[in-house]
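# Results of the structural survey
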Amino acid sequence: MSTIELAVSPSDLRALAEQSNAWPFEQAKQIVARLKKTPKDEVLFETGYGPSGLPHIGTFGEVARTTMVRHAFRVLTEDRIRTRLIAFSDDMDGLRKVPDNVPNKELLEQHLGRPLTRVPDPFGTHDSFGAHNNARLRAFLDTFGFDYEFTSSTDYYTSGKFDAALLRMLERLDAVMKIMLPSLREERAASYSPFLPICPRTGMVLYVPVTAHDVKAGTISYEDPETKETVTLPVTGGHCKLQWKPDWAMRWFALGVDYEMAGKDLIDSVKLSGKICAALGGTPPEGFNYELFLDEHGQKISKSKGNGLTIDEWLRYASPESLSLFMYREPKAAKRLYFDVIPRNVDEYQQFLEAFPRQDGRQQLANPVWHIHSGHPPKADMPVTFQLLLTLVSSSNAENAETLWGFIGRYRPGVTPKTYPKLDAMVGYAINYYRDFVAPTKKFREPTETERAALQDLRDALSQMPAGSSAEDIQNVVYEIGRREPFLDPVKKGKDGRPGVSLDWFNMLYQVLLGQEKGPRFGSFVAVYGLPNAVTMIDGALARSA
């Protein structure tokens, strides 16, 4: 794939980046400032994943956005400081409830309370439910080519990698409790402990009061809730795990994490964990709180509910790059993550790509495709928009790629699946999207008498146009026919000074002819669909409403 390169030196690129207010650079500047206070040879970026449910797009978004910040940091430092990104899975957490979107729910119900890596896989493909979800996450991240290291909470606890930090937590237990207790309800505060023993008898993660702790021995003691016996366990070696806020802080301290972002719903948790990290002797990471993704009802997306879009669903209907664009945009604004956002992101990704070569260096660093492609965006090469493909499928009821390619080939000779493989992929996306979302909701509106007259005039005008008329010529005819009441727009003016045409004219065409609320530029659609086909379509609409 050919890419567009910025013809500047690393130092010139850094100078442009220092002036940029694109949010990845704003975030990266915080890390640069951090290093001036405390120099390091390596900067560690982290993302977290709770594998209690299947990975969703929000999980991907955190990795994608952190990758953008990491690349921005590399530009600001001219790549002189080593960076790493770890994707950390909290797979030692106990399974608290059975997700709605998994098979064999009865199997999982028998293992509630056990660490996710000790819960059987309901899909039957891995050693545990945690391992299954971890594999799903890695497989998806790998398809995007992310440079990351996967890390497992179970591995770090059981291998001893967290032992020193856990002993520090035990040593500073009083300070940690002073931070945590004011944030808890009175009844929970009465029995709270940062340490959760893993019951050697049942394998359950126990939420029980700690009756004693021994800093020198590195142990805690508790009363078994069933046998009432006192049990003493080391806090190291995977015999215990931490409650999640102290766990987050301990991880920052143990690994030396420099940057981690989190959802807006975790603002208070970030503050608490930051205080605990400082109490352990560490420095909390830089980061910011992004807004949450919402489903079609405005509800927060949840892994356990399975609402919103899954990773696989987006990729059934659109390119990975369109998903990256969705993640880049306005990370601090709440956004609906539902099927109807896909077409816009597909086409606007192409628009940003087409604009890139025409922009100066500063504009290019503000263009989303520069961040999506880590400074090396490909050349734009998409002769047809996604919205136009959707309209073609809808108007022709095309259920196969060959039919669509017949339209495209006539409109753009030489454009074939072989010469334009990305367009071929987009044809497939459009057919999937049409079948699943457009066809079931298609509803043709009846035209009014005034609209019928306008449609008849448009039909006659199109039938008289010569074959091979350009999209622009067709669009001019469509405008001319629409220049009548009730479609006149006195505010808009044509090139000849006459009143313009309101959107109501085009909305009527989409609703009456195509059975949809919106569509592409109508002249472009007719040029691809063909004048005879467009005339036949209008005839059909007039016949339906006779």
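Above this note sits the structure.
What you see is a predicted model, and the numbers here were worked out from it, not measured in a lab.

## As for helix H21 (residues 471-482)
Under the 1.5 Å per step criterion, the end-to-end length of H21 is 16 Å for 12 residues, consistent within 8% with the ideal 16 Å. Of all the positions in H21, only Ala471, Ile474, Gln475, Val478, Ile481 and Gly482 are classed as buried. Taken down its axis, H21 places every buried residue within 125° of arc, on the same side. Tucked inside the fold, the buried residues of H21 contact helix H18 (401-411), helix H20 (449-463), strand E14 (499-501), helix H22 (503-514), helix H23 (522-529) and helix H24 (531-544).

## So, the sheet that holds strand E6 (residues 219-223)
Strands in a sheet are paired, the pairing made by backbone hydrogen bonds, and the direction either parallel or antiparallel. Pairing in this open sheet of 3 strands is antiparallel, and the strands run E5-E6-E7 from one edge to the other. Looking at strand neighbours, the two that pair on one side only are strand E5 (210-214) and strand E7 (230-234), the edges of this open sheet. Strand after strand, the sheet turns through a mean of 20° between neighbouring axes, direction not considered.

## Digging into the state of the cysteines
Using the criterion set out here, one finds 0 disulfides in the structure. No disulfide involves Cys199; its nearest neighbouring cysteine sulfur is the one of Cys240, lying 11 Å away. Overall, the relative accessible area of 3% leaves Cys199 in the buried class.

## Details of the packing of aromatic side chains
Applying the stated criterion across every chain, the model contains 29 aromatic pairs. Geometrically, the ring pair formed by Trp23 and Tyr328 is tilted, given 5.8 Å between the ring centres and 35° between the ring planes. Taken together, the residues Trp23 in helix H2 (residues 23-37) and Tyr328 in helix H13 (residues 320-328) connect sequence positions 305 residues apart. Judged on exposure class, the residue Trp23 and its partner Tyr328 are both buried. One cation-aromatic arrangement involves Lys335 over Phe326; the distance from NZ or CZ to the ring centre is 4.3 Å. Directly above the aromatic system of Phe444 lies the positively charged group of Arg544, at a separation of 4.2 Å from the ring centroid.

## Notes on the layout of surface pockets
The calculated volume of the second largest pocket comes to roughly 640 Å³. In this structure, the second largest pocket is lined by 22 residues; those nearest its centre are Tyr433, Val438, Gln516, Glu517 and Lys518. In terms of residues, the lining of the second largest pocket owes the most to one element, helix H14 (residues 342-355), which gives 4 residues. Residues that form the lining of the second largest pocket fall into these classes: 7 nonpolar, 7 polar and 8 charged.

## Looking at helix H10 (residues 244-255)
Taking 1.5 Å of rise per residue, 12 residues should cover 16 Å, and H10 covers 16 Å from first to last C-alpha, within 8% of that figure. Those residues of H10 lying buried are Lys245, Pro246, Asp247, Trp248, Ala249, Met250, Arg251 and Trp252. Backbone geometry just after H10 places Gly256 at a positive phi near 70°.

Thresholds, definitions, all that
Residues numbered from 1 in each chain as written. Predicted model: local features only at pLDDT ≥ 70, side-chain atom pairs only at ≥ 80, totals over all residues. Heavy atoms only, no water. Helix = DSSP H or I, 4+ residues; strand = E, 2+ residues; numbered from the N terminus. Expected span 1.5 Å × (residues − 1). Buried < 20%, exposed > 50% of the residue type's maximum accessible area, 1.4 Å probe, protein only. Arc of directions from axis to C-beta. Contact = heavy atoms within 4.5 Å. Pairing = 2+ DSSP bridges. Axes fitted to C-alpha atoms, helices over the stretch in contact; angles between N-to-C directions. Disulfide = S-S within 2.5 Å. Phe/Tyr/Trp six-rings, centres within 6.5 Å; stacked < 30°, edge-to-face > 60°. Lys NZ or Arg CZ within 6 Å of the ring centre and 35° of its normal. 1 Å grid on protein atoms, 1.4 Å probe; cavity = no way out; pocket = protein on both sides within 12 Å on 5 of 7 lines; lining within 4 Å. Points joined across faces, edges and corners; volume = space filled by probe spheres on them. Nonpolar A, V, L, I, M, F, W, Y, C, P; charged D, E, K, R; others polar.

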